[in-house]
Amino acid sequence: MKNNKLLRILLGIGIIFLFLGVFSHFFVNKTVEKYLNSELEVLNSRNEYLYHIGDFDINILGGSVIFNDFQIKPSASYFQLFDEGLSSEPALKELKIDKISIKGIGISNLLFNKNLHIREIKVSKPTFKILKHPLNYISDSLPKSDKSSFYLDSIQIRTAKKITLSEFEITDYELQVLDIANNDTILRYSGKDMIIDGIELDPSKINPDYFYFNTEKLLFKLEKQKIDLNGGFYSVGLEDLVYDHKTQNILIHDFSYTPKVDYAQIMSASKYSTEVYNLQMATMDVNGFDLNPLIHSGILVIDNISIDGLNAEIAKDKSKPNDTKKLKLLPQDALQKLKFPILIASINIQNSSLNYSEQEKAPKDLLDLHLTEINSYITNVTSLKDTTLRNKSLDIAFKTHISGEFPIETELHMPYHLASNNFTFSGKSTKAVTFDEFNSLIFKAINIKINGGTLNGLSWKAKGTSEKMEGDFTMFYKDLEVELYREDKSANKTLSWFANTVVPKSNPGNNGKLFVATMEFERVKYKGLGNYLWKSLLSGIVNSLNPLGKSSEKSSQNSKKTRKKKAKSKN
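These numbers were taken from a predicted model, which means no experiment stands behind them. (Residues numbered from 1 in each chain as written. Predicted model: local features only at pLDDT ≥ 70, side-chain atom pairs only at ≥ 80, totals over all residues. Heavy atoms only, no water.)

Enquirer: So what exactly am I meant to see when it comes to the overall build of the protein here?
Expert: The secondary structure content of the protein amounts to 11 helices and 23 strands. In the protein, which comprises 571 residues, the share counted as buried stands at 39%. When contacts within the protein are restricted to residue pairs at least 6 apart in sequence, long-range pairs at least 24 apart make up 64% of them. With an accessible surface of roughly 32100 Å², the protein has 55% of that area assigned to carbon and sulfur atoms. (Helix = DSSP H or I, 4+ residues; strand = E, 2+ residues; numbered from the N terminus. Buried < 20%, exposed > 50% of the residue type's maximum accessible area, 1.4 Å probe, protein only. Contact = heavy atoms within 4.5 Å. Areas by Shrake-Rupley, 256 points an atom, 1.4 Å probe, with all protein chains shown as cover.)

Below, the structure written as structure tokens:
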């Protein structure tokens, strides 16, 4: 009997606790729902951005909260102002989150000590959209506000004195930058998993009952990311990425952009000549990455990008015709046509290499170019219209070794503001090498083989436009002996004899006379900058070695002066 009585007492207590649990769950959910609706009503009354929460569930006993269908989007009237170019916002934002799961909430500690500790927050399937419009991007007639009404760090939390968070995880996330005027996607990035550390919630100085997100120690970590691109042909991967908000630094290790299938399959997918890319990069160190302009204005601002150990392979299919309708812009023009606004002060590339090859199905001697020890410094990389005024230019300094032996250094100065697209291209090499090392570079391209002599250096200086390159090219050599070939690669003995008779054996000659060749090439607009520069250099080499080659005006003037001096000496 006593046991039955005790059992009835325990059962009654259990029923009471169950009733209290169910009642408290219902009561707390209703109370929180009322509070959230009140807060959302205040936020939405501004009629700028509208906040929405679909539903939520609070489990007091389990210490967890789940929010579903969380959204922030511009109101219809605010969007209309932006669409008509009448908004002070440089970009509008939209945020949609399928689910926010908060676990390990210390309810008792919050109730008695007002100290809130959260073990884990997991955000599932967030999509963040940045909406841009040409009227708000290009126009300078409207003063653009430095601040936006949308701030991720302005969300406030009430009723606690101290708030700590152990882990914050984001899964299946996506970032989109959209051109709403043309219904076009400028940028799309997605990832599977992101871990964020260093989230602190500090009490507001104005109202201590409220907390705001302190992003000073914010730290993003991505590990072992892999994304498939371009119809399944390529994949992008990285070992890890760390973003430190306080130092404005991003550090990436082992980045790769690699084909998922063999080269032949990629080449066969197009009816035109195409290129296959294979990139591996040891480290990328991004400094001065300001997250605020990207979030609030959709502008990517970076002080410097340092790349170390970039190894690139480019294989071009030469068995198919080129797509002559696909015109390629010069770099400064391509940047100005870029829809996504960027401003990168400088890019530094070091300890890198490039292997460029041309392939055909039938066996044939084609170009195979190896560039090693690449070091490059690029400044003023921008698509912003208000920074491309006078005295602004894209500047590229480039140093490398061809085939590991022949060092060259070159510079490009490409002004943004010139309607004529004028730019300068100059360079030099001062190391003496045998011509045997030079043959593999030029023979397949210009049908000239050098059988003897020493190359002591090169120098060139030219002016280019989007149409044509013109300038001076000087080859310094000694004891030259050349052999010229026909298009079918058979030796042209007559022209070879003529070349060895007419072309100076050394430059400068024994009399000190320096031969300066013409560097001249009409740009093929459906080919890139690399082809333009390379073919311009080849024109200078051909005019230096071919007896029918063109000499520059300077060389002609020097020749006239020499002939006048000889005539005077005879008289």
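Enquirer: Looking at this structure, how should I read the pattern of salt bridges?
Expert: Between side chains of opposite charge, a pair can form as their charged atoms come close. Here the structure, examined in full by the defined rule, presents five salt bridges. Across the pair E470 and K468 runs a salt bridge whose closest N-O atoms are separated by 3.5 Å. Judged by relative accessible area, E470 falls into the partly exposed class, the value being 44%. Linked through salt bridges whose partners overlap, the residues forming this network are D69, K96 and D98. (Salt bridge = Lys/Arg side-chain N within 4 Å of Asp/Glu carboxyl O.)

Enquirer: How should I be thinking about a nonpolar patch on the surface in this particular structure?
Expert: A contiguous nonpolar patch, built from W497, F498 and V502 and spanning about 320 Å² of accessible area, is present on the exposed surface. Tracing the backbone shows W497 in helix α9 (residues 493-502). (Patch = residues over 30% accessible without salt bridge, like charges linked within 9 Å, V, L, I, M, F, W, Y side chains within 5 Å.)

Enquirer: Explain the packing of aromatic side chains to me, please; I cannot follow it from the model alone.
Expert: Ring pairs (aromatic) are described by centroid distance and by the angle formed between their planes. Under the definition given, this model contains nine aromatic pairs. Among the aromatic residues, those joined into a ring-pair cluster are F220, Y243 and F289. The cationic tip of R523 hangs over the ring face of Y532; the distance from NZ or CZ to the ring centre is 5.9 Å. (Phe/Tyr/Trp six-rings, centres within 6.5 Å; stacked < 30°, edge-to-face > 60°. Lys NZ or Arg CZ within 6 Å of the ring centre and 35° of its normal.)

Enquirer: I'm lost on the environment of K246 in this one. Help?
Expert: Within the secondary structure layout, K246 lies in the loop between β11 (234-244) and β12 (249-259). On the basis of relative accessible area, K246 is assigned to the exposed category, the value being 54%. A sequence separation of 28 residues divides K246 from L218, and the C-alpha atoms of the two residues are 6.9 Å apart.

Enquirer: Looking at this structure, how should I read the nonpolar core?
Expert: One broad rule of soluble globular proteins: the nonpolar side chains tend to lie buried together. Ranked by size, the top nonpolar core spans 105 residues in total, and within it F289, F425, F438, M475, I541 and L545 carry the most contacts. Ignoring sequence-local partners within four residues, the contact set of F289 consists of Y243, Q248, I250, L294, L300, V301 and I302. Core analysis: the next-biggest nonpolar cluster, separate from the first, contains five residues, Y234, I266, M267 and A315 among them. (Core = buried A, V, L, I, M, F, W, Y, C linked by side-chain atoms within 4.5 Å.)

Enquirer: When you look at a positive patch on the surface in this model, what are you seeing that I'm missing?
Expert: On the surface, a cluster of positive charge is made up of K99, K103, R119 and K122. Counting only elements with at least two residues in the positive patch, the list comes to β3 (92-105) and β4 (115-132). By secondary structure assignment, the location of K122 is in strand β4. Exposure remark for K122: the relative accessible area of 30% places this residue in the partly exposed category. (Lys, Arg positive; Asp, Glu negative; His and termini not counted. Charge placed at Lys NZ, Arg CZ, Asp CG, Glu CD.)

Enquirer: How should helix α10 (residues 529-545) be read in this particular structure?
Expert: The periodicity of an α-helix, 3.6 residues per turn, causes residues three or four positions apart to be oriented the same way. Here α10 spans 25 Å end to end across 17 residues, near enough to the 24 Å set by a 1.5 Å rise per residue. Among the residues of α10, those classed as buried are Y532, L533, W534, S536, L537, L538, S539, G540, I541, N543, S544 and L545. (Expected span 1.5 Å × (residues − 1).)

Enquirer: Where do I start with the pairing of strand β21 (residues 448-464) in this structure?
Expert: The side chains of a regular strand alternate, residue by residue, between the two faces of the sheet. The pairing of strand β19 (residues 423-429) with β21 spans seven bridges and is antiparallel. Paired with F423 across the strands is G464, a residue of β21. Sheet analysis places strand β20 (residues 433-434) next to β21, joined by two bridges and oriented antiparallel. If you follow V433 over to β21, its bridge partner there is L455. (Pairing = 2+ DSSP bridges.)

Enquirer: Sorry if this is basic, but what is going on with the confidence of the model for the protein here?
Expert: Low-pLDDT stretches of the model should not have their predicted coordinates read in fine detail. In this model, the protein carries an average pLDDT of 78, and 74% of its residues clear a pLDDT of 70 or more. Low pLDDT, under 50, characterises residues 5-10; the predicted model gives this stretch zero contacts beyond four residues in sequence or across chains. Counting interchain partners and residues more than four positions distant, the pLDDT-below-50 stretch residues 554-571 has seven contacts. (pLDDT = per-residue confidence, 0-100.)

Enquirer: Quick question: what am I supposed to make of unusual backbone geometry here?
Expert: The bulk of non-glycine residues show a negative phi, and the bulk of peptide bonds are trans. Following N507, the chain continues into P508 via a peptide bond in cis, with omega recorded as 0 degrees. Topologically, P508 is positioned in the loop between α9 and β23 (517-522). If you check the backbone angles, D254 has positive phi at about 55 degrees while not being a glycine. By the secondary structure assignment, D254 is in strand β12. On the accessibility criterion, D254 (46% relative accessible area) is partly exposed.

Enquirer: In this structure, what is going on with the side chain of S256? I would like to understand it.
Expert: Along the polypeptide, S256 turns up in strand β12. Those residues in contact with S256 that lie beyond four places of it in its chain are S235, V236, G237, L279 and Q280.

Enquirer: Looking at this model, I keep getting lost on the environment of I408. Mind explaining?
Expert: With respect to the helices and strands, I408 occurs in strand β18 (residues 406-415). Taking the C-alpha atoms as reference points, I408 and G457, 49 residues apart in sequence, are found 9.1 Å from one another. Excluding residues that lie within four positions of it along the chain, I408 makes contacts with F398, K399, T400, I402, K428 and S429.

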